[in-house]
Amino acid sequence: MFGEADALQPPRTEQLATQTFVLRGFALPWIDALLPELRAVLAQAPFRRMVTPGGFTMSVALSNCGALGWTTDQSGYRYSGRDPRTGQPWPALPQAMRELAVAAAAACGFADFDPDACLVNRYVPGAKMSLHQDKNERDYSQPVVSVSLGLSALFQLGGMQRSDRPVRVPLLHGDVMVWGGVDRLRFHGVLPLKEGSHPLMGPQRINFTLRKAG
Ligand code: MD3
Ligand code: FE
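Counting starts from 1 at the beginning of each chain's written sequence and moves along it residue by residue. Lettering of chains starts at A and numbering of ligands starts at 1, both following the order in which they are written. Totals for whole chains, interfaces and linings use every residue, but because this is a predicted model, local features are given only for residues with pLDDT of at least 70 and side-chain atom pairs only at 80 or more, for both listing and counting. Hydrogens and waters are ignored; side-chain quantities use all the structure's heavy atoms.

(A) Seen up close, the sheet that holds strand β10 (residues 153–157). Only when DSSP finds a minimum of two bridges between them are two strands counted as paired. The secondary structure listing takes helices from DSSP runs of H or I that are at least 4 residues long and strands from runs of E that are at least 2 residues long, numbered from the N terminus. With respect to topology, four strands assemble into an open sheet ordered β8-β13-β10-β11, the strand pairing being antiparallel. Here the strands that pair on one side only, and so sit at the sheet edges, are β8 (129–132) and β11 (167–171). If you compare each strand with its neighbour and ignore which way they point, the axes differ by 20 degrees on average. In this sheet, strand β13 (residues 188–190) lies alongside β10 in antiparallel orientation, the contact comprising three bridges. Bridge pairing links Phe155 to Val190 in β13. Axes here mean lines fitted to C-alpha atoms, for a helix over just the part in contact, with angles spanning 0 to 180 degrees between N-to-C directions.

Set out below in structure tokens:
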């Protein structure tokens, strides 16, 4: 009766910076809708590891859905309307993924979020993402929303300079991050994922990030 895992929880919003927020557990009520959508996207556009312009194969595997998808190869980072593996358009952006992101953005003061790109990242134990800025999108006034599923990770939120010391923030299954405005170009990364297995998601962390890229 009381204390059910999915009982209505009070909002748990952590403000990490002026326009950077973590909404703890915000995605949990959406999980049953999200997982089949994610499965369908990955059936059409499977995870793959891409090569950076510097010639390194990323430890994170990725896929995309939406009109635009983020890709990298020897010649650079870009958004593209087609999956380079097949030459076909990326899978459409599924409804629950979009609705969740729009609701999270609105909860953090970003009205009218209109995402056209969703990058799906898969971390297995040992995979990491080095400190970087997200600079390939056209319109920096739109926020970015990310949803974490599966194994927890230590996120690093840095400053506007690569040399600014980052703060470490644990991201757990169901957590949603929203950032934009003055924080849109902060450096950020993910420390190497620890070994483990998540009861629902298995031995991995999946993070998907919705943006307005075009
Ligand atoms: C806060 N992904 O795909 S998402 C990426 O967990 C990426 O897979 C990470 O960085 C991941 O580009 C982190 C959370 C995030 C991303 C960018 C931010 C939080 C941010 C930029 C500024 C502030
Ligand atoms: Fe990023």
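Next comes the rest of the account.
(B) Up close: the site of ligand 1. One heavy atom within 4 Å of a molecule or strand is enough for the residue carrying it to be called near that molecule or strand. Around ligand 1, a shell composed of 18 residues is seen, among which Asn121, Tyr123, Trp179, His188 and Arg205 lie nearest. One of the side-chain N or O atoms of Tyr123 is found 2.6 Å from an oxygen atom in ligand 1. The contact in question runs from an oxygen atom of ligand 1 to an N or O atom on the side chain of Asn207, over 3.3 Å. Per-residue and other accessible areas follow the Shrake-Rupley method at a 1.4 Å probe size, with only the shown protein chains counted as cover for residues. Protein contacts shield 98% of the accessible area of ligand 1, which totals 510 Å² for the unbound molecule. Using a 2 Å cut-off from the grid points, one finds that ligand 1 occupies the largest pocket. Breaking the shell around ligand 1 down by element, the ones donating at least two residues are β7 (117–123), β8, β10, β12 (176–179), β13 and β14 (205–211). Each residue is assigned to one class: nonpolar for Ala, Val, Leu, Ile, Met, Phe, Trp, Tyr, Cys and Pro, charged for Asp, Glu, Lys and Arg, and polar for all the others, Gly among them. Class assignment for the residues of the shell around ligand 1 results in eight nonpolar, five polar and five charged. Whenever a nitrogen or oxygen atom comes within 3.5 Å of another N or O atom, the pair is scored as a polar contact, on the condition that within protein one atom can donate a hydrogen and the other can accept it, and that pairs from neighbouring residues in sequence are kept only if both atoms are in side chains. In this analysis the probe radius is 1.4 Å and the grid spacing 1 Å, with only protein atoms considered; a cavity is a set of points the probe fits into but cannot get out of, a pocket is an open set with protein on both sides within 12 Å along at least five of seven lines, and lining residues have an atom within 4 Å of a point. A cavity or pocket is said to hold a molecule if more than half of that molecule's atoms lie within 2 Å of its grid points.

(C) Spotlight on the sheet that holds strand β1 (residues 13–17). Reading across the sheet, the eight strands line up as β1-β2-β12-β9-β14-β7-β4-β3 and stay open at both edges, with antiparallel pairing between neighbours. Taken across any chain shown, the strands that pair with only one partner, and hence form the sheet edges, are β1 and β3 (48–51). Adjacent strand axes in the sheet meet at a mean angle of 25 degrees, parallel and antiparallel pairs treated alike. Should any heavy atoms of two residues lie within 4.5 Å, those residues are considered in contact. Against the sheet, helix α1 (residues 31–44) makes contact with β4 (57–65), β7, β9 (144–150) and β14, and its axis sits at roughly 105 degrees relative to β4, the strand it touches most.

(D) Main features of the pairing of β12. The buried label goes to any residue with under 20% of its type's maximum accessible area, the exposed label to any with over 50%, and the partly exposed label to all in between, with areas taken from a 1.4 Å probe on protein chains only. Burial along β12 is two-sided: Val176 and Val178 and Met177 and Trp179, pointing in opposite directions, are all buried. Sheet analysis places β9 next to β12, joined by four bridges and oriented antiparallel. Bridge pairing in β12 places Ser146 opposite Met177.

(E) Layout of the coordination of the iron ion (ligand 2). Donor atoms are limited to N, O and S found within 2.8 Å of the metal ion, a distance that becomes 3.2 Å for Na, K and Ca. With water left out, some sites might look partial. Looking at the iron ion (ligand 2), one finds its protein donor set to be His132 (NE2), Asp134 (OD) and His188 (NE2), positioned 2.0 to 2.2 Å from the metal centre. Overall, the relative accessible area of 21% leaves His132 in the partly exposed class. Take His188: its relative accessible area is 10%, and that puts it in the buried class.

(F) Here's a closer look at the packing of aromatic side chains. Aromatic pairs are defined between Phe, Tyr and Trp rings, using the six-membered ring for Trp, whenever the two ring centres lie within 6.5 Å; interplanar angles under 30 degrees are classed as stacked, those over 60 as edge-to-face, and all others as tilted. A complete count under the given rule lists two aromatic pairs for this structure. Ring centres of Phe26 and Trp30 lie 5.6 Å apart, and the angle between their planes is 25 degrees; on these two criteria the pair is classed as stacked. Summarising the aromatic geometry, the rings of Trp70 and Tyr77 are spaced 5.5 Å apart at their centres and angled 20 degrees between planes, so their arrangement reads as stacked. Judged by relative accessible area, Trp70 falls into the buried class, the value being 12%. Here, a charge over a ring is recorded when the distance from Lys NZ or Arg CZ to the ring centre is within 6 Å and its angle to the ring normal is within 35 degrees. The ring of Tyr123 is capped by Arg205, whose NZ or CZ atom sits 5.0 Å from the centre of that ring.

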